[in-house]
Amino acid sequence: MSTEEYLKDITEIKDMMNKSSRFFSLSGLSGIMAGIYALIGAAVAYYLVSISGRNYLILDGKIFNYILLDLVAVAFLSIITAIILSITKAKKNNETLWNSASKRLLTAFLIPLVTGGIYIIIKISSDHYGLTGSLMLIFYGLALVNASKYTIGNVKYLGYIEIVLGLICAIYPGYGFWFWVLGFGIMHIIYGSLIYFNETSNSKSKP
């Protein structure tokens, strides 16, 4: 076996091991759509608060319940879109969506996210909701960083940005809404666009 053939075999083995341990069916388009959903949801929340005649929320008020439903709708649409686009991409690449790599990814992502969600609910129940936006950004960023080792590596950079935004938001809690818009809306669109164009250029370069 020549040196070139040996190196080629090593590269193929490395690629096979990488594919078996990482989930590559995440679509950049799902990130774009998640950002768009977040911006629409933020616009709806802003409108609801503006028509309430106050610039703050009451936890047992109707406006708060509507905004909570608004957040649930954003999360639901983002998850469903990500699943649909991931299934489409997996079929295109002749891969299975539910495998050991995707299971590890989901576990790594959900542990920080669910922990953060429970903690936020506890704080809100105790009438401490001034840092809600900050906590959402921080725990979401931690979830992305934790899951990045099982998927596209540069997901961690989005996670770092979310964590930094969350920390800055903690310093300026009065601007929590706008940091939320920046982190979950604009940054998702920017990141998703970069991944999507990278996917497009890679598909065009393949024979």
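What you see is a predicted model, and the numbers here were worked out from it, not measured in a lab.

Observations concerning the overall build of the protein chain
For the protein chain, the helix and strand inventory stands at seven helices and zero strands. When the elements of the protein chain are put in sequence order from the N terminus, they spell out α-α-α-α-α-α-α. Taken across its 207 residues, the protein chain has 34% of its residues classed as buried. Put simply, 72% of the contacts in the protein chain that link residues at least 6 apart link residues at least 24 apart. Accessible area of the protein chain: about 13000 Å², with a carbon and sulfur share of 69%.

A word on the packing of helix α4 (residues 100-125) against helix α5 (residues 132-147)
Each packed pair of helices is defined by two parameters, the angle between the axes and the distance between the axes. At a minimum axis distance of 7 Å, the contact between α4 and α5 shows a crossing angle of 165°. Considering their axes alone, α4 and α5 lie roughly antiparallel with respect to each other. The element α4 and its partner α5 pack so that their crossing is right-handed. For the pair α4 and α5, contact is made by L105, A108, F109, P112, L113, G116, Y119, I120, K123 and I124 and by T132, L135, M136, F139, Y140, L142, A143, L144, N146 and A147, respectively. Considered class by class, the residues forming the contact of α4 with α5 number 16 nonpolar, three polar and one charged.

Cut-offs used in this document
- Residues numbered from 1 in each chain as written.
- Predicted model: local features only at pLDDT ≥ 70, side-chain atom pairs only at ≥ 80, totals over all residues.
- Heavy atoms only, no water.
- Helix = DSSP H or I, 4+ residues; strand = E, 2+ residues; numbered from the N terminus.
- Buried < 20%, exposed > 50% of the residue type's maximum accessible area, 1.4 Å probe, protein only.
- Contact = heavy atoms within 4.5 Å.
- Areas by Shrake-Rupley, 256 points an atom, 1.4 Å probe, with all protein chains shown as cover.
- Axes fitted to C-alpha atoms, helices over the stretch in contact; angles between N-to-C directions.
- Parallel < 35°, antiparallel > 145°, perpendicular 65-115°, else oblique.
- Left-handed = near helix turned anticlockwise from the far one by under 90°.
- Nonpolar A, V, L, I, M, F, W, Y, C, P; charged D, E, K, R; others polar.

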